Amino acid sequence: MAGIEPALPAPAHTVAPHAANVPADPASGALSEGSPGTPPAPGSDASSATVTGTDPDLPGVAQLAAVQDRLAGWISDLSTLHDLTERLAHTRTLNEALRELLRAGAALVGARRGLVVLAPADGLGPETTVGLGLGHAEIGHIETVPRRALSYARILDGLPEPGACGDDAPAPGAGRAPDPRTSAAGAACTEISEPDIPGEKGLDPRLREVAARLGYAASYAVPLTAEPMGRTGAAVWLYDEPAEPTERQRHLVGLYRAHAAEHLARLLELHRSRQDTETLREELLPHRLPRIPGVRLAVRHSTGPRGGGDWYDALPLPDGALGLAVGSVTGSGPSAVAAMGRLRASLRAYAVMEGEDPVAVLSDLELLLRLTEPARSATALFAYTEPPPGGPSAPPVPDGLTGPPPYPEDLEEMEEMEEDFADGSWGSARLPRKLVLAGAGHCPPLVLGETRTEFVETSLSAPLGMLACWEAPSVEIEPAGGETVLLYSDGLLERTGESMDRAFTRLHAAAAGVPGAIRHDPEAVVDHIVRTMLPQGLDDPSSEEDVVLLAVYFEE
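Residues numbered from 1 in each chain as written. Predicted model: local features only at pLDDT ≥ 70, side-chain atom pairs only at ≥ 80, totals over all residues. Heavy atoms only, no water.

Student: Help me understand the packing of aromatic side chains in this model?
Tutor: How two aromatic rings sit relative to each other is given by the distance of their centres and the angle of their planes. The final tally for this structure, using the stated rule, is one aromatic pair. A centroid spacing of 5.6 Å and a plane angle of 90° characterise the contact between Phe 455 and Phe 504, whose relative ring orientation is edge-to-face. Here Phe 455 is found in strand β12 (residues 453–455), whereas its partner Phe 504 is found in helix α11 (residues 500–512), with 49 residues between them in sequence. In this structure Phe 504 comes out as partly exposed when scored by relative accessible area, which is 22%. (Phe/Tyr/Trp six-rings, centres within 6.5 Å; stacked < 30°, edge-to-face > 60°. Helix = DSSP H or I, 4+ residues; strand = E, 2+ residues; numbered from the N terminus. Buried < 20%, exposed > 50% of the residue type's maximum accessible area, 1.4 Å probe, protein only.)

Student: Help me understand the sheet that holds strand β11 (residues 446–448), please; the structure alone is not making it clear to me.
Tutor: In a beta sheet, neighbouring strands pair by backbone hydrogen bonds and run either parallel or antiparallel. Pairing within the open sheet is antiparallel, and its five strands lie in the order β6-β15-β14-β11-β12. Here the strands that pair on one side only, and so sit at the sheet edges, are β6 (295–302) and β12. Within the sheet, the average angular offset between the axes of one strand and its neighbour, ignoring direction, is 15°. Alignment of β6 against strand β15 (residues 547–554), held across eight bridges, turns out to be antiparallel. Paired with Ser 302 across the strands is Val 547, a residue of β15. Across the sheet, helix α12 (residues 522–533) lies against β6, β11, β14 (484–488) and β15, angled at about 30° from β6, the strand it touches most. (Pairing = 2+ DSSP bridges. Axes fitted to C-alpha atoms, helices over the stretch in contact; angles between N-to-C directions. Contact = heavy atoms within 4.5 Å.)

Student: I tried to follow α12 on my own but got confused; where do I start?
Tutor: Compared with an ideal rise of 1.5 Å per residue, which puts twelve residues at 16 Å, α12 spans 16 Å between its outermost C-alpha atoms and is within 8% of the ideal. Turning to α12, its buried residues number three or more, namely Pro 522, Ala 524, Val 525, Val 526, His 528, Ile 529, Val 530 and Met 533. Where the residues of α12 are buried, they touch β6, β11, β14, α10 (490–494), α11 and β15. Looking at where α12 begins, the residue whose side-chain oxygen comes 3.2 Å from the main-chain nitrogen of Glu 523 is Asp 521. (Expected span 1.5 Å × (residues − 1). Polar contact = N/O pair within 3.5 Å; in protein donor to acceptor, adjacent residues only side chain to side chain.)

Student: Quick question: what am I supposed to make of the pattern of salt bridges here?
Tutor: Pairs can form between side chains of opposite charge once their charged atoms are near each other. Tallying each qualifying case throughout the model produces 25 salt bridges. When the shortest N-O distance is used, the salt bridge between Arg 370 and Glu 366 registers 3.1 Å. Highlighted residues: Arg 370 and Glu 366, both in helix α8 (residues 358–372), separated by four residues, approximately one helical turn. Owing to a relative accessible area of 32%, Arg 370 belongs among the partly exposed residues under this scheme. Its relative accessible area of 2% is what places Glu 366 among the buried residues. Via salt bridges that share partners, Arg 87, Glu 100 and Arg 103 belong to a single interconnected network. (Salt bridge = Lys/Arg side-chain N within 4 Å of Asp/Glu carboxyl O.)

Student: Looking at this structure, how should I read unusual backbone geometry?
Tutor: Residue Pro 126 follows Gly 125 across a cis peptide bond; omega there is 0°. Its location among the elements puts Pro 126 in the loop between β1 (113–118) and β2 (128–132). In the segment running from Glu 227 into Pro 228, the intervening peptide bond is cis, with an omega of 0°. In the Ramachandran plot, Asp 319 falls in the positive-phi region, its phi being about 65° despite a non-glycine side chain. Relative to the elements of secondary structure, Asp 319 occurs in the loop between β7 (308–316) and β8 (322–332). Classification of Asp 319 by relative accessible area gives partly exposed; the value is 36%.

Student: How do you make sense of the nonpolar core when you look at a structure like this?
Tutor: Membership of the largest hydrophobic core comes to 52 residues, with the highest contact counts inside it found for Trp 311, Leu 324 and Leu 362. Contact partners of Leu 362, with chain neighbours within four places excluded, come to Leu 347, Ala 380, Phe 382, Ala 438, Gly 439, Ala 440, Leu 464 and Trp 470. Counting 35 residues, the second largest nonpolar core, distinct from the first, contains Leu 84, Ala 104, Ala 261 and Ala 265. (Core = buried A, V, L, I, M, F, W, Y, C linked by side-chain atoms within 4.5 Å.)

Student: Explain the sheet that holds β2 to me, please; I cannot follow it from the model alone.
Tutor: Here five strands make up an open sheet; going across it, the order is β2-β1-β5-β4-β3 and the pairing antiparallel. Lying at the two open borders of the sheet, with one neighbouring strand each, are β2 and β3 (192–194). Across the sheet, the axes of successive neighbouring strands diverge by a mean angle of 15°, strand direction being ignored. In terms of strand pairing, strand β4 (residues 218–226) meets strand β5 (residues 230–239) through nine bridges, oriented antiparallel. Each bridged residue has a counterpart across the sheet, and for Ala 218 the counterpart in β5 is Tyr 239. Contacting β1, β2, β4 and β5, helix α2 (residues 94–109) runs over the sheet at an angle of about 40° to β2.

Student: Before we go on, may I ask you to explain the packing of helix α6 (residues 247–284) against helix α7 (residues 334–354) in this structure?
Tutor: Two quantities define a packed helix pair, namely the angle between the helix axes and the distance between the axes. Following both chains from N to C, one finds α6 and α7 inclined at 5°, their axes separated by 10 Å at the closest point. Judged on the interaxial angle alone, α7 and α6 are roughly parallel. Of the residues in α7, those touching α6 at Thr 277, Leu 280, Arg 281 and Leu 284 are Pro 334, Val 337, Met 340, Gly 341 and Arg 344. Of the residues contributing to the contact of α6 with α7, the split by class is five nonpolar, two polar and two charged. (Parallel < 35°, antiparallel > 145°, perpendicular 65-115°, else oblique. Nonpolar A, V, L, I, M, F, W, Y, C, P; charged D, E, K, R; others polar.)

Student: What is the right way to look at the environment of Ala 212 in this model?
Tutor: With respect to the helices, strands and loops of the structure, Ala 212 is situated in helix α5 (residues 205–214). Judged by relative accessible area, Ala 212 falls into the exposed class, the value being 62%. C-alpha separation for the pair Ala 212 and Ile 197, spaced 15 residues apart in sequence, amounts to 9.1 Å.

Student: Looking at this structure, I do not really get the pairing of β4. What am I missing?
Tutor: Successive side chains on a regular strand alternate, one facing one side of the sheet and the next facing the other. In terms of burial, β4 is a largely internal element, eight of the nine residues being buried. Counting the residues between successive antiparallel strands, the hairpin from β4 to β5 contains three residues.

Student: Where do I start with helix α1 (residues 60–89) in this structure?
Tutor: Residue pairs spaced three or four apart in an α-helix point in one direction, given the helix's 3.6 residues per turn. Look at α1: 43 Å from first C-alpha to last across 30 residues, which is about the 44 Å you get at 1.5 Å a residue. For α1, the set of buried residues is Gln 63, Ala 66, Val 67, Asp 69, Arg 70, Gly 73, Trp 74, Asp 77, Leu 81, Leu 84, Thr 85 and Leu 88. Elements in contact with the buried residues of α1: α2 and α6.

Student: Would you explain the pairing of β15 in this entry?
Tutor: With eight of eight residues buried, β15 is to be regarded as a mostly interior element. Judged by which residues are buried, β15 turns out to be covered on both faces: Val 547, Leu 549, Ala 551 and Tyr 553 on one side and Val 548, Leu 550, Val 552 and Phe 554 on the other are all buried. Where β14 lies against β15, five bridges are found, and the strand directions are antiparallel. Directly across from Thr 484, in β15, lies its bridge partner Tyr 553.

Student: It is not clear to me how the environment of Arg 92 should be interpreted in this structure. Could you clarify?
Tutor: Secondary-structure assignment places Arg 92 in the loop between α1 and α2. With relative accessibility at 40%, the residue Arg 92 sits in the partly exposed group. With 179 residues separating them along the chain, Arg 92 and His 271 place their C-alpha atoms 9.9 Å apart.

Keep in mind these numbers describe shape, not what the thing actually does.
Right, here's the structure in full:
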């Protein structure tokens, strides 16, 4: 690994004590003319053959063994750092990277437990604490210690550490061996070692109490800094017995954390970007679902790591009608999210004006997309649910059902039926609410009921923006009372990792497998389908796809 200085303390391998004068630089350990296996030069004394820089009194075999041992130590360090940094590079989230940093650092400094605090100096967050071998309760105990007594907190607060750079009289709990990388003039040494918390004088009594309760006797804290962000946090490792890392361990963990801090800074910027995109997307989607008489709604949605353009909407329309929409804009990132917001806002406007004709709504939307964003396409499905029977704009009630129901002999039942007839709900189970829908290259809805689980046969149509003039016929369905209509995005299918045909079959099986006891609860229905389709959950960081699942339950 580039950056490993050759001038490191000798590793404790197999070198004999009398070989301590072997030079630190492996380049200076080249064999001389008199080394074993090399014939002496003309006129030279073979008995004085030495390895450059070693004790001339040592035998040549001992000199060679010393150099080989030194090289073996460097190769071992190189291999260790390579493996640890490679593991770190494979982490994709801040939480994964923080846990890997703690694990690798503990291996390098010989500790068993530790914690890392993420607290960017710019104050923009996020701030979090992750422990290794420490639960939430134990971390909470540590946080009860005054900040001035916590080594990692002093690093985060930028408090000076007398003697931290190897002064003659190091301060208690703050001393450490000088590091050639940080003890230069003007350089700040902020690594803090507390090698003997129970026996060291001058420490805060609360720190001693917490250390005794949690069973650690020493600590070693280091900052996490990376340009241009600056300080991103601090890490501290805890020892079960009084101890402190050797100079070689300090050097190795310093090299590792320099790489780790840069990796964390990149993940931090990526996390902030994703959070901004997610916040923007959440603001562009409905804050809550409307409450419509006779209909209950539930939705689950998730955004991919890069931010996508999948969206949904549930729009109350005049006279108790309801507009439902799902769609997906091509692309990802902030531009796709912004395009999704514009498309959704436009569809809401068209739905208010001509929602009873879904084909007209999508035709106007296609024209707008083609004129304003000719390089972008989108899929969409819009459904118009007619007002409930008895409403001002509801369809006429067929003959034979225009009057009140026959009165039963039971007085309480008669009063309930009169109330139902008065508010227009009588006969709603016998008169299903008609749902008119049109789709533009979108997945067909799925109807789930006690006697059927089937996809709606929609006409084949192109996505919006793909043709010079979009047109497709509408489809009418009449969900019975107690049935649920599922609208979803293709991300629900693509996240399964299977072909589309198999994914559709899997969705049908997931819906058909919804237990009868929960089929009247749309929240439970969508949760069951998500668990069945996506065992990893909606927030799977390994998937790039957005997911939308909207359930519309028609009450009996």
